[in-house]
Amino acid sequence: MKNRLVQKALSLAITMALLLVALMMISDVVRDRIYNRDRAVQSVVNSTAGSQTLFGPVLAQRCSREVSGKDSEGRVETRLVSFQRYALPDEISHQTRAEMQPRARGLYQVNTFLMHDKLVARFAPGNQLQGKPEGGAVRHCDAPRLVLPLSDPRGIRSATLQVDGKPLPLEPGTGHGVYTRGLQTKPMTAASGNDSSAIEVVVLLQLMGTERLAFVPLGGTNQVSMQADWPHPSFGGNFLPLSREISDQGFNASWSIPALASSARQAFVQERSLCSLGTPDTTYAHASDESQCLEQFGTSFIDPVNPYSLSDRATKYGLLFVVLTFVAVAMFEVLKKLRVHPVQYLLVGSALCIFFLLLISLSEHLGFSQAYAIGAGACVLLLGYYASHILGSLRRGLPFAALIAVMYGLLFVLLQLEQTALAVGSLALFAVLAIVMVATRKVDWYAFGKGDAPEPVPTPASKTFGPRTQESA
């Protein structure tokens, strides 16, 4: 093939394919580390407690009713069917304080917390127990009891409950068919749920959890005030806080949710599932349709400088890094009329790929910023030294090293941005394209693409021994 430009393009395409395979292998390593981190989180969840979601409390009553029907032989029979009746609180307020108590599994740190909660629930006079079926006569109802469902009661460290200032003992479980986890009181003979007296319930609760704390708004009005010593909350669920203050020492947030704004009360009576809403926690059910889930709100205690998520994002820019670096080397070839071998391109690209492996490995032991600075600095020095030799002089190698340093700086900025990362990246690519077009505006690509004429091979001088004789015709 005579066209040198085509030959170089094919060789660079093969080199790029090899580097792409290397980047894919590095991406697999990053995904494996993320998987191991998720396993570490699940290990902590299995040993302590998972994400926590609080309900109620709810006044519940077991009842039975008569149901008539025909058996297989056509005879009429009557049987008793049990069901639950509920009285949901008119007011719920939480005064919550969360203290972070991180756990570690090997290299992986998991954000666990200890919650101190003062829950006050009020049942207004005349708040009737609801849930009586339409068909069948009610035969018997037990005395009502207070039920406090939790997503993971293994995290309970202490719990006390008072009704109108009188303490009541708590028992494990709820006796509910769907929301089985939590606490309950013994039957309350003094509170039938049908009289005209109001009921005030006060619960003092210490609860361990992992990474997320949420509430279900079962009250007529729901007031939650949360304080924590974690400066990176991620508020989520179906309702965001009305007010929040975030500082380096922690955050304060408050919610106020009326029953008119939520379907949680009706969903609880309909016994809908408590869903994970995207959290990989086995203590929750998983549903593709969130309309079939109980509404909830709260916060996740996230780590914004998660080295694994940032390394995964950085690796996705790997191919772009290699392409831009190859463009820079090719610019020196075109403008300075140099010759760079494809093997030298491969070595330069390999150094760029090794950076991402350095990043994920060092960030597990150092902070992400420190790991990034060490990896980027080492690669810039190596590439600057190597470029000064393949480009022919230190005067050309230093600008190349400066260009690589600018690329690493731009990547670090993109990793810190969330909302404007796409805009900044697009503008940077446009700037690179503009520089290339301006620098090569006078290049005659037809002349550059022509094959070089082979140089004549010099013949060795003939050696004579003795006097030179004249050749005969």
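Every chain begins its residue count from 1, and numbering advances along the sequence as written. pLDDT decides what is reported in this predicted model: residues at 70 or higher carry local features, side-chain atom pairs at 80 or more are listed and counted, and totals for whole chains, interfaces and linings draw on all residues regardless. Hydrogens and water molecules were not included; the side-chain quantities draw on all heavy atoms of the structure.

Enquirer: How should I be thinking about the overall build of the protein in this particular structure?
Expert: A tally of helices and strands in the protein yields nine helices and 20 strands. Classification of the 473 residues of the protein by burial places 42% in the buried group. The long-range share in the protein, meaning contacts at least 24 apart out of those at least 6 apart in sequence, stands at 76%. Every accessible area reported is derived by Shrake-Rupley at a probe size of 1.4 Å, with residue values counting cover from the shown protein chains alone. For the protein, the accessible surface area stands at approximately 25800 Å², while carbon and sulfur atoms represent 58% of it. By definition, any uninterrupted DSSP run of H or I lasting at least four residues is a helix, any uninterrupted run of E lasting at least two residues is a strand, and each is numbered from the N terminus. Relative accessibility thresholds used throughout: buried, under 20% of the residue-type maximum; exposed, over 50%; partly exposed, between the two (1.4 Å probe, protein chains only). In this analysis, two residues are considered to be in contact whenever any of their non-hydrogen atoms come within 4.5 Å of each other.

Enquirer: I tried to follow the sheet that holds strand S20 (residues 297–301) on my own but got confused; where do I start?
Expert: Whenever strands of a sheet pair, they do so through backbone hydrogen bonds, lying parallel or antiparallel. Note on pairing: two strands pair once DSSP finds at least 2 bridges between them. Overall, mixed pairing links the four strands, which are arranged S1-S15-S20-S17 in an open sheet. Every other strand in the sheet has two partners, leaving strand S1 (52–54) and strand S17 (233–237) as the edge strands with one partner each. Here the average twist between neighbouring strands, direction ignored, is 20°. The pairing of S1 with strand S15 (residues 212–215) spans three bridges and is parallel. Each residue of the ladder has a partner; that of Gln-52, found in S15, is Leu-213. Convention adopted: a line fitted to C-alpha atoms gives each axis, helices being fitted over their contacting stretch, and angles between N-to-C directions are expressed from 0 to 180 degrees.

Enquirer: Would you take a moment to explain the nonpolar core for this structure?
Expert: Side chains that are nonpolar tend, in soluble globular proteins, to be buried together. In this description, a nonpolar core means a group of buried Ala, Val, Leu, Ile, Met, Phe, Trp, Tyr and Cys residues linked to one another through side-chain atoms lying within 4.5 Å. If you look at the biggest cluster of nonpolar residues, it comprises 53 residues, and the most contacted ones within it are Val-201, Phe-268 and Phe-301. Not counting residues within four places of it along the chain, the set of residues in contact with Val-201 comprises Pro-57, Leu-119, Val-120, Ala-121, Phe-123, Leu-146, Leu-161, Gln-162 and Val-163. Grouped together as the second largest cluster of nonpolar side chains are 40 residues, Phe-321, Val-329, Ala-376 and Leu-411 included.

Enquirer: Explain the sheet that holds strand S14 (residues 199–210) to me, please; I cannot follow it from the model alone.
Expert: An order of S11-S10-S14-S7-S4-S16-S19-S18 is seen for the eight strands of this open sheet, with the pairing classed as mixed. Each having just a single partner strand, strand S11 (166–168) and strand S18 (243–247) make up the two edges of the open sheet. Here the average twist between neighbouring strands, direction ignored, is 15°.

Enquirer: Looking at this structure, how should I read the pattern of salt bridges?
Expert: Salt bridges are counted wherever a side-chain nitrogen of Lys or Arg sits within 4 Å of a carboxyl oxygen of Asp or Glu. Overall, the coordinates contain six salt bridges when judged by the stated rule. In this structure, the salt-bridge partner of Arg-122 is Glu-200, at a minimum N-O distance of 3.0 Å. One end of the pair, Arg-122, is in strand S7 (residues 112–123); the other, Glu-200, is in strand S14, with 78 residues separating them in the sequence. Looking at Arg-122, the relative accessible area reads 35%, which means it is partly exposed. Note that Arg-154 is salt-bridged to Asp-152, the shortest N-O span being 2.8 Å. Accessibility expressed as a relative area gives 2% for Asp-152, which makes it buried. Overlapping salt bridges, with partners in common, bring together Glu-91, Arg-122 and Glu-200 in one network.

Enquirer: Help me understand a nonpolar patch on the surface in this model?
Expert: Note on patches: the residues involved have over 30% relative accessible area and no salt bridge, like charges join within 9 Å, and the nonpolar side chains Val, Leu, Ile, Met, Phe, Trp and Tyr join within 5 Å. On the surface, Leu-20, Met-24, Leu-319 and Val-323 cluster together into a nonpolar patch covering about 320 Å² of accessible area. For the nonpolar patch, the secondary-structure elements that each account for two or more residues are helix H1 (4–47) and helix H4 (318–336). Looking at the secondary structure, you find Leu-319 in helix H4.

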